[in-house]
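Below, each chain spelled out in residue letters.
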Amino acid sequence: MAAAEAEVSNKGVILKRFVTGFPTEADLELVTAVVRLAVPPGSASVMVKTLYVSCDPYMRNRMSEHNEASYIEQFVPGEVLATFSVGRVVASGHPNFKSGDLVWGMSGCEEYTLITDPESLFKINHPELPLSYYTGVLGMAGLTAYAGFFDVSKPKQGDYVFISSASGAVGQLVGQLAKITGCYVVGSVGSDEKVNLLKTKFGFDDAFNYKKEEDLNAALKRCFPQGIDIYFENVGGAMLAAVLPNMRMNGRIAVCGMISQYNLEQPNGAPNLFCLVAKRIRMEGFMVLDYFGTYNKFEEEIAGYLKEGKISVVEDVAEGIENVPTALIGLFSGHNIGKQLVTIAHE
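The rules we used
- Residues numbered from 1 in each chain as written.
- Predicted model: local features only at pLDDT ≥ 70, side-chain atom pairs only at ≥ 80, totals over all residues.
- Heavy atoms only, no water.
- Helix = DSSP H or I, 4+ residues; strand = E, 2+ residues; numbered from the N terminus.
- Rg over C-alpha atoms; globule rule 2.2 N^0.38 Å.
- Buried < 20%, exposed > 50% of the residue type's maximum accessible area, 1.4 Å probe, protein only.
- Contact = heavy atoms within 4.5 Å.
- Areas by Shrake-Rupley, 256 points an atom, 1.4 Å probe, with all protein chains shown as cover.
- Lys, Arg positive; Asp, Glu negative; His and termini not counted.
- Charge placed at Lys NZ, Arg CZ, Asp CG, Glu CD.

Another point: the overall build of the protein chain. Each helix and strand counted, the protein chain has nine helices and 15 strands in total. For 347 residues, the compact-globule formula gives about 20 Å, and the C-alpha radius of gyration of the protein chain, at 21 Å, lands near that figure. By principal-axis analysis of the C-alpha atoms, the protein chain measures approximately 70 × 45 × 35 Å. Looking at the 347 residues of the protein chain, the share that counts as buried comes to 54%. Counting contacts in the protein chain only where the partners sit at least 6 residues apart, residues at least 24 apart contribute 68% of the total. Element-wise, carbon and sulfur atoms account for 52% of the exposed surface of the protein chain, whose accessible area totals about 15100 Å². Considering the protein chain, the positive charge centre built from 29 side chains and the negative charge centre built from 39 side chains are found 7 Å apart.

Before going further, it helps to spend a moment on unusual backbone geometry. Notably, Asn250 is not glycine yet its phi reads approximately 60 degrees, a positive angle. Looking at the secondary structure, you find Asn250 in strand S12 (residues 247–255). Residue Arg280 is not a glycine yet carries a positive backbone phi of 55 degrees.

Any functional reading would require information beyond the geometric quantities listed.
What follows is the structure, given as structure tokens:
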């Protein structure tokens, strides 16, 4: 028992101050604390050793001070960031978790974290697959892609599907699910390397580098001469404005995120919205939190696709908790190739 309750060093990443405009690594700081590897007596908490942490675009929203209520709480300056992670239980006061269990869910961005609401954790049911997948394709990002595509977009075989930010954790899976469904799929990304990745690794029918396109409307007409049935929206701004006139009648737009807007003090307006009326387009936002109750079904289906080789995964893996700031801030410049995560500990 004494060894299990030893005090150990615990490095973590904090937000130093609220951010306006584009975040920098200087807004984050690596700090070291001491933690006891035990749960408080009588507590239903669990202590988790972190193996991987996820870096996700939505975290930018939490780095700013919220003058109005948001869908998720802001980070608290001076406190450890919260993020989705993969870990191993090292101590438990909860009847559903025991030491050694592999789990994923929301936790602190630190080497060890005390989870006071373990009901929010998911047990990992396929440890034979890479555990890092539970930060992405088998975790929050994967469920986001699955729910947004099937429940919100409601695809049909033969649909024309366009995905922005298509090589990221969500976009790469949406594209592959669309191909499995029998759709024609095109993605936009920010480099020629990513264009090649979409075509050769993920099986997209076409792709383009939006940074090389002088006219996004023309690029979309080139790729979709018959128009777009489904737009999986990750970007907003100029891309959304160009997509709307290229949508087909009764098209569907699943609004997952708008990364082009996150660092603007004054977000862009949204031209061409009357297309929603004229073309009877349904544009719907969604939150993955609303779909956590469907997780087990999703996990089994995607694990099956992975084992059958029907879905490929590309990860951008940084090493060590000290590299979380670089990995997280790099998301907003498109530095990552695939799902961005950080390895905290090897087992």
